[in-house]
Amino acid sequence: MKAIMPQWLKPEEAPLASRFYASEGQKEKARRDERIAVLREPNGQIVAALRLSPRESEWVLRALRVASHRQGQGLARVLMEFVLEAFEAPIWCFSVAHLERFYLSLGFVQVAPASAPESIAGPFQAYLRHQPLVLLRHPGCRRAPF
């Protein structure tokens, strides 16, 4: 039996990620200018997705989601490790507190909002009005597949 494999979606495949989010009760809309990584079952069904949204010269991790019937199986870590091994640029994350340890275990570090570029600090401050969040940053890795 084939294993679940991570892959990057092509820009024209962004609607596939949007449909996955909708099937999980999320209102997320993937955009063609984003880098979208997914995990697919051998039958092609998406069981996890995340989006990297451009913010000027920075990238923000958005909407890491694992299908409810596949949660607790380490799939979020598999998808994140795939992205972090391939993505050269730094990645920012607006994390809810209970997921901070997960992101720290992947090499993200907490950053004071005042030291972030305005393209990150501005949206982060806006999100803070709705819920408490932690600003995290990953330095990026070896190579970019784009």
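Because the structure is a prediction, the values reported are computed rather than measured. (Residues numbered from 1 in each chain as written. Predicted model: local features only at pLDDT ≥ 70, side-chain atom pairs only at ≥ 80, totals over all residues. Heavy atoms only, no water.)

Asks: Sorry if this is basic, but what is going on with the packing of aromatic side chains here?
Replies: In this description, a pair of aromatic rings is defined by centroid distance and the angle of the planes. Enumeration over the complete set of coordinates arrives at 8 aromatic pairs. Ring centres 5.3 Å apart and planes at 70 degrees place the aromatic pair F94 and F124 in the edge-to-face group. Of this pair, F94 sits in strand β5 (residues 91-95) while F124 is found in helix α4 (residues 118-128), placing the two residues 30 residues apart along the sequence. For F94, a relative accessible area of 16% translates into the label buried. Considering the side-chain rings of F102 and Y103, the 5.2 Å spacing of their centres and the 65 degrees angle between planes classify their relative orientation as edge-to-face. (Phe/Tyr/Trp six-rings, centres within 6.5 Å; stacked < 30°, edge-to-face > 60°. Helix = DSSP H or I, 4+ residues; strand = E, 2+ residues; numbered from the N terminus. Buried < 20%, exposed > 50% of the residue type's maximum accessible area, 1.4 Å probe, protein only.)

Asks: Just checking my understanding: could you explain the pattern of salt bridges for this structure?
Replies: Close approach of charged atoms allows side chains with opposite charge to pair. Per the counting criterion, the structure on display carries 8 salt bridges. Note that E28 and R51 form a salt bridge whose closest N and O atoms lie 2.3 Å from each other. Pair noted here: E28 is in the loop between α1 (14-23) and β2 (35-40) and R51 is in strand β3 (residues 46-55), with a separation of 23 residues, a long-range link. R51 gets classed as buried once you look at its relative accessible area, which sits at 1%. Here E34 makes a salt bridge to R31, at a shortest N to O gap of 3.9 Å. Exposure remark for E34: the relative accessible area of 3% places this residue in the buried category. (Salt bridge = Lys/Arg side-chain N within 4 Å of Asp/Glu carboxyl O.)

Asks: Looking at this structure, how should I read α4?
Replies: Of the positions making up α4, those classed as buried are S119, I120, A121 and F124. Of the surrounding elements, those touching the buried residues of α4 are β3, β4 (58-66), β5 and β7 (134-138). (Contact = heavy atoms within 4.5 Å.)

Asks: Got a minute to help me understand α1 in this structure?
Replies: Every α-helical turn comprises 3.6 residues, leaving residues that sit three or four positions apart pointing alike. Listing the buried residues of α1 in full gives A14, A17, S18, F20 and Y21. Down the axis of α1, the buried set is contained in an arc of 160 degrees. They therefore lie on one face. For α1, exposure combined with an orientation more than 90 degrees from the buried face picks out R19 and S23. Buried residues along α1 sit against β2, β3 and β4. (Arc of directions from axis to C-beta.)

Asks: What am I meant to see in the side chain of R70 here?
Replies: Assignment of secondary structure puts R70 in the loop between β4 and α2 (75-86). R70 gets classed as buried once you look at its relative accessible area, which sits at 16%. Separated by 2.8 Å, the side chains of R70 and Q73 make a polar contact. Here R70 is in contact with I4, E41, V47 and L75, once residues within four sequence places are set aside. (Polar contact = N/O pair within 3.5 Å; in protein donor to acceptor, adjacent residues only side chain to side chain.)

Asks: Would you mind going over the sheet that holds β3 with me for this structure?
Replies: Adjacent strands of a sheet form backbone hydrogen bonds with each other and so pair up, either parallel or antiparallel. Taken in spatial order, the 7 strands make up an open sheet running β1-β2-β3-β4-β5-β7-β6, and their pairing is mixed. Lying at the two open borders of the sheet, with one neighbouring strand each, are β1 (5-8) and β6 (109-110). With 6 bridges joining them, β2 and β3 adopt antiparallel strand pairing. Its bridge partner being in β3, I36 is matched across the sheet by R51. This element, α4, spans β3, β4, β5 and β7 of the sheet and lies at about 10 degrees to β5. (Pairing = 2+ DSSP bridges. Axes fitted to C-alpha atoms, helices over the stretch in contact; angles between N-to-C directions.)

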